Amino acid sequence: MRQQASPTISAQSQKRCAQIFNLGSIIATLLMPAFPVLFIWIGISIFVYSANIQHPSPQVRQYTQYAGYRFYGISGCLLASMIFAGVLIPMAGSAVHLILILWAIAFLVVVPAGLSALIKAQKESWQDIKLETQ
């Protein structure tokens, strides 16, 4: 009986998986005033998160988990802000000012930490993983 080779997940593939959620979150945040882009990423991010949180590499899971905390946390805050927009708009001065304030907060939460995670993942030493088959 011939023995099959164990499937391998390349180091490059793992690095891409670790970076994809951060990259998508950064792009969605930068383009936040174009709300359809943000909503599209929210939908896609659920798939990306659920796929990567089950990844065999603990490093990929950790990068995805922290990126998810940042993005979904700020998304929840934005949702709450939309619910209370009637109260917040007079405080901000106008709806445009409120949008810009929320965009700045989202930018400060997601972009610097996301860029840091992208750079850290790029510099990290990734190793191929051989999966064991039964």
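Keep in mind that this is a model prediction, so the values were computed, not measured.

**As for the overall build of the chain**
Helix and strand content of the chain: five helices and two strands. Traced from its N-terminal end to its C-terminal end, the chain shows the element sequence β-α-α-α-α-α-β. Computed over the C-alpha atoms, the radius of gyration of the chain is 19 Å, more than 25% above the 14 Å expected from 2.2 N^0.38 for a compact globule of 134 residues. Dimensions of the chain along its principal axes, counting C-alpha atoms only, are 75 × 25 × 20 Å. Taking all 134 residues of the chain together, 32% fall into the buried category. Taking as baseline every contact in the chain between residues at least 6 positions apart, the subset at least 24 positions apart corresponds to 79%. As presented, the chain carries roughly 8,500 Å² of accessible surface, and 68% of it is formed by carbon and sulfur atoms.

**Overview of the packing of aromatic side chains**
Summed over the entire model, instances satisfying the criterion amount to nine aromatic pairs. With a centroid separation of 6.5 Å and an interplanar angle of 70 degrees, the aromatic rings of Trp41 and Phe71 are classed as edge-to-face. Residue Trp41 is found in helix α2 (residues 35–52), and its partner Phe71 is found in helix α3 (residues 58–83); the two are separated by 30 residues along the sequence. Residue classification places Trp41 among the buried residues on the basis of a relative accessible area of 10%.

**Concerning the side chain of His55**
Topologically, His55 is positioned in the loop between α2 and α3. Setting aside its immediate chain neighbours within four residues, His55 contacts Ile9, Gln14, Cys17, Val60 and Arg61.

**With respect to the packing of helix α1 (residues 11–30) against α3**
Running from N to C, α1 and α3 cross one another at 10 degrees; their axes reach a closest spacing of 8 Å. In this view, α1 runs roughly parallel relative to α3, as classed from their interaxial angle. The residues of α3 that touch α1, namely those facing Gln14, Cys17, Ala18, Phe21, Asn22, Ser25 and Ala28, are Val60, Tyr63, Thr64, Ala67, Gly68, Arg70, Phe71 and Tyr72. Grouping the amino acids of the contact of α1 with α3 by side-chain chemistry returns nine nonpolar, five polar and one charged.

Procedures and definitions
Residues numbered from 1 in each chain as written. Predicted model: local features only at pLDDT ≥ 70, side-chain atom pairs only at ≥ 80, totals over all residues. Heavy atoms only, no water. Helix = DSSP H or I, 4+ residues; strand = E, 2+ residues; numbered from the N terminus. Rg over C-alpha atoms; globule rule 2.2 N^0.38 Å. Buried < 20%, exposed > 50% of the residue type's maximum accessible area, 1.4 Å probe, protein only. Contact = heavy atoms within 4.5 Å. Areas by Shrake-Rupley, 256 points an atom, 1.4 Å probe, with all protein chains shown as cover. Phe/Tyr/Trp six-rings, centres within 6.5 Å; stacked < 30°, edge-to-face > 60°. Axes fitted to C-alpha atoms, helices over the stretch in contact; angles between N-to-C directions. Parallel < 35°, antiparallel > 145°, perpendicular 65-115°, else oblique. Nonpolar A, V, L, I, M, F, W, Y, C, P; charged D, E, K, R; others polar.

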